[in-house]
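Architecture at a glance
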Amino acid sequence: MEETMDQSNPTQKPEPDLASTQRDPEEESVHRALEGYYHAGKAPWDTGVTPPELVALVAGHGGLPPGRALELGCGTGTNAIYLARHGWEVAAVDLIDRAVDQAREKAAEAGVAVRLLHGDATRLDELDVPGPFDLFFDLSCYCGVPLHRRDAYAAGLAHRAAPGARLLMFGYGPEPLGSSTTEITSWAAGVTADELRARFPGWELLDVTPGTNSVPTFWFTLRRDA
């Protein structure tokens, strides 16, 4: 099991300075919006409760045996900590430094080893997460990624996926642009099963289950070809 990242270890790859990274306007809008949610303490996807869909995949009947997991958009670490408690070797990435700092505090308090990294889920090559991973978990990360960065997200996972790896993803479906939750173009686009089939060649879409939210949401389960 890997240790929580030690910032004083000079042999570890330094995290990118995302504040100084050049972003296009859409990426900058996403970053500002996410920072705003965490600054206000009202990130709707960061409930502090592990969703039953992940619990079923990990601990349910016929659940996956513990292996290596990567969480994309880990927020304050609730689900990464859950996986670590169930025997998984976990790395987790989030774009917002405030969220990662809170996740590190929570992991320390929980007494579990989680490798928490401040970084961009569409630029995994800039982070020290070589894989291979048996499980990828994404709770509302991909559906918030600007459309022009989604192929890079998919390629990053494919490059790090063990044969037969699973991707469990929760995402918002398309909504009209301009509502309180879709002020950003990519957020209005959401995510659909057809998009995932197109962007994830070499993966099989095993299941699409509608969420229980008041707006269109879905749980997607994909499996990397063996």
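Residues numbered from 1 in each chain as written. Predicted model: local features only at pLDDT ≥ 70, side-chain atom pairs only at ≥ 80, totals over all residues. Heavy atoms only, no water.

Counting its regular elements, the protein contains seven helices and seven strands. In the protein, the succession of α and β elements from N to C terminus is α-α-β-α-β-α-β-β-α-β-α-α-β-β. A total of 226 residues make up the protein; the buried ones form 49% of that total. Counting only carbon and sulfur atoms, one obtains 53% of the accessible surface of the protein, whose full area is about 10,500 Å². (Helix = DSSP H or I, 4+ residues; strand = E, 2+ residues; numbered from the N terminus. Buried < 20%, exposed > 50% of the residue type's maximum accessible area, 1.4 Å probe, protein only. Areas by Shrake-Rupley, 256 points an atom, 1.4 Å probe, with all protein chains shown as cover.)

Here the focus is the side chain of T76. Mapped onto the elements, T76 comes out in the loop between β1 (68–72) and α3 (78–85). Looking at T76, its side chain comes within polar contact range of the side chain of K106, at 3.1 Å. Aside from chain neighbours lying at most four places away, what touches T76 is Y38, D46, A99, Q102, A103 and K106. (Polar contact = N/O pair within 3.5 Å; in protein donor to acceptor, adjacent residues only side chain to side chain. Contact = heavy atoms within 4.5 Å.)

Moving on: the sheet that holds strand β5 (residues 161–172). Read across the open sheet, the seven strands follow the order β3-β2-β1-β4-β5-β7-β6; overall the sheet is mixed. Either end of the sheet is taken by a strand with one partner, and the two such strands are β3 (114–118) and β6 (203–210). On average, adjacent strands in this sheet sit at an angle of 15 degrees to one another, irrespective of strand direction. By the bridge criterion, seven bridges tie β5 to strand β7 (residues 217–224) in an arrangement that is antiparallel. Within β7, the position partnered with M169 by the bridge is F220. Lying on the sheet, α3 is in contact with β1, β2 (89–94), β3 and β4 (133–139); it crosses β2 at an angle near 175 degrees. The sheet strands contacting helix α4 (residues 97–110) are β2 and β3, and the helix crosses β3 at an angle near 165 degrees. (Pairing = 2+ DSSP bridges. Axes fitted to C-alpha atoms, helices over the stretch in contact; angles between N-to-C directions.)

Throughout the structure, instances matching the rule amount to 13 aromatic pairs. Ring plane angle 90 degrees and centroid distance 5.9 Å describe the contact between F200 and W203, whose orientation is recorded as edge-to-face. Take W203: its relative accessible area is 9%, and that puts it in the buried class. In textbook terms, an aromatic cluster arises when at least three aromatic residues are bridged by ring pairs, as seen for F133, F136, Y142, Y153, F200 and W203. In this structure, R68 is placed above the aromatic ring of F133, and the distance from its NZ or CZ to the ring centre is 5.1 Å. Here the basic side chain of R150 rests over the ring of Y142, its NZ or CZ set 4.9 Å away from the ring centre. (Phe/Tyr/Trp six-rings, centres within 6.5 Å; stacked < 30°, edge-to-face > 60°. Lys NZ or Arg CZ within 6 Å of the ring centre and 35° of its normal.)

What follows deals with the confidence of the model for the protein. Looking at the protein, the pLDDT average stands at 88 and 87% of residues meet or exceed 70. Low pLDDT (under 50) marks residues 1–20, which in the prediction has 39 contacts with non-local residues, meaning those over four places away or in another chain. (pLDDT = per-residue confidence, 0-100.)

On to the layout of surface pockets. By volume, the second largest pocket amounts to about 220 Å³. Secondary-structure elements contributing two or more residues to the lining of the second largest pocket are α2 (52–59) and β5. Across the lining of the second largest pocket, the residue classes break down as nine nonpolar, four polar and one charged. (1 Å grid on protein atoms, 1.4 Å probe; cavity = no way out; pocket = protein on both sides within 12 Å on 5 of 7 lines; lining within 4 Å. Points joined across faces, edges and corners; volume = space filled by probe spheres on them. Nonpolar A, V, L, I, M, F, W, Y, C, P; charged D, E, K, R; others polar.)

What follows concerns helix α5 (residues 150–160). Those residues of α5 not exposed but buried are R150, Y153, A154, G156, L157 and R160. For α5, the buried positions fall inside an angular range of 160 degrees around the axis, keeping them on one side. (Arc of directions from axis to C-beta.)

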